[in-house]
Amino acid sequence: MNTWQELSASVEERLTEISSGERGVFAAGIAERLLSWHEALPEDDQAPFTMSLRPLLNSVWEGVLGDSTAFAAVKRGVAEFMLSDFCHNDGQDGPEDAGEPAAAATLHAAHAYLFGCTDFAV
């Protein structure tokens, strides 16, 4: 693979071929890697919003690993985000924390679990 686009296309193709449950596990794994990295940062460098998403990611893990009762917790966590100031269409004028890679990956993993579609896992 010579370019980012080729790698991205390959990942998308592979994610299309697997089950929605497997896509959820993939997305949760990526989010876990990024959130664990963020949690290891010095406290002054940690984004509070990103840190607040640990319970959501834990619920995603529970769900993708087979606990159907986790669906409600994931749904609630996504709803809390959607109703917060972090979900906005203000561009650069709005709060930035939700765009932080670990936060974005966690939110995408939650959506991948809830909806099962390839787009959120990619």
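The structure we're discussing is the one just above.
In short, a report on the structure. Since the model is a prediction, treat every value here as computed from it, not as a measurement.

Quick look at the pattern of salt bridges now. All told, the structure shown has two salt bridges when counted by the stated rule. A salt bridge links E32 to R54; its shortest N-O distance comes to 3.0 Å. With E32 in helix α2 (residues 20-39) and R54 in helix α4 (residues 54-64), this residue pair connects regions lying 22 residues apart in the sequence. Using a relative accessible area of 17% as the deciding quantity, one classes R54 as buried. Here R54 and E39 are joined by a salt bridge, their closest N and O atoms 2.9 Å apart. Placement of the pair is R54 in helix α4 and E39 in helix α2, with a sequence separation of 15 residues. Given the relative accessible area of 28%, E39 is considered partly exposed.

Moving on, we come to the packing of α4 against helix α6 (residues 101-115). Running from amino to carboxyl end, α4 crosses α6 at an angle of 30°, the nearest separation of the two axes being 10 Å. Looking at the two axes, α4 sits roughly parallel to α6. The hand of the α4/α6 crossing is left-handed. Taking contact as the criterion, the partners of L56, L57, V60, G63 and V64 in α4 are, on α6, T106, L107, A109, A110 and Y113.

Let us now look at the packing of α2 against α6. Any two packed helices are characterised by how steeply their axes cross, that is the angle between the axes, and by the distance between the axes. Relative orientation of the contacting elements α2 and α6 amounts to 155°, with a least axis distance of 8 Å. As judged from the angle between their axes, α2 and α6 are roughly antiparallel. The interaxial crossing formed by α2 with α6 has left-handed handedness. Where α2 approaches α6, its residues A27, A28, A31, L34, L35 and H38 are matched on the opposing element by P101, A102, A105, T106, A109 and A112.

Right, let's talk about the environment of G21 for a bit. In this fold, G21 is placed in helix α2. For G21, a relative accessible area of 39% gives the class partly exposed. The sequence separation of G21 and V64 amounts to 43 residues, and the corresponding C-alpha distance is 6.2 Å.

Calculation rules
- Residues numbered from 1 in each chain as written.
- Predicted model: local features only at pLDDT ≥ 70, side-chain atom pairs only at ≥ 80, totals over all residues.
- Heavy atoms only, no water.
- Salt bridge = Lys/Arg side-chain N within 4 Å of Asp/Glu carboxyl O.
- Helix = DSSP H or I, 4+ residues; strand = E, 2+ residues; numbered from the N terminus.
- Buried < 20%, exposed > 50% of the residue type's maximum accessible area, 1.4 Å probe, protein only.
- Axes fitted to C-alpha atoms, helices over the stretch in contact; angles between N-to-C directions.
- Parallel < 35°, antiparallel > 145°, perpendicular 65-115°, else oblique.
- Left-handed = near helix turned anticlockwise from the far one by under 90°.
- Contact = heavy atoms within 4.5 Å.

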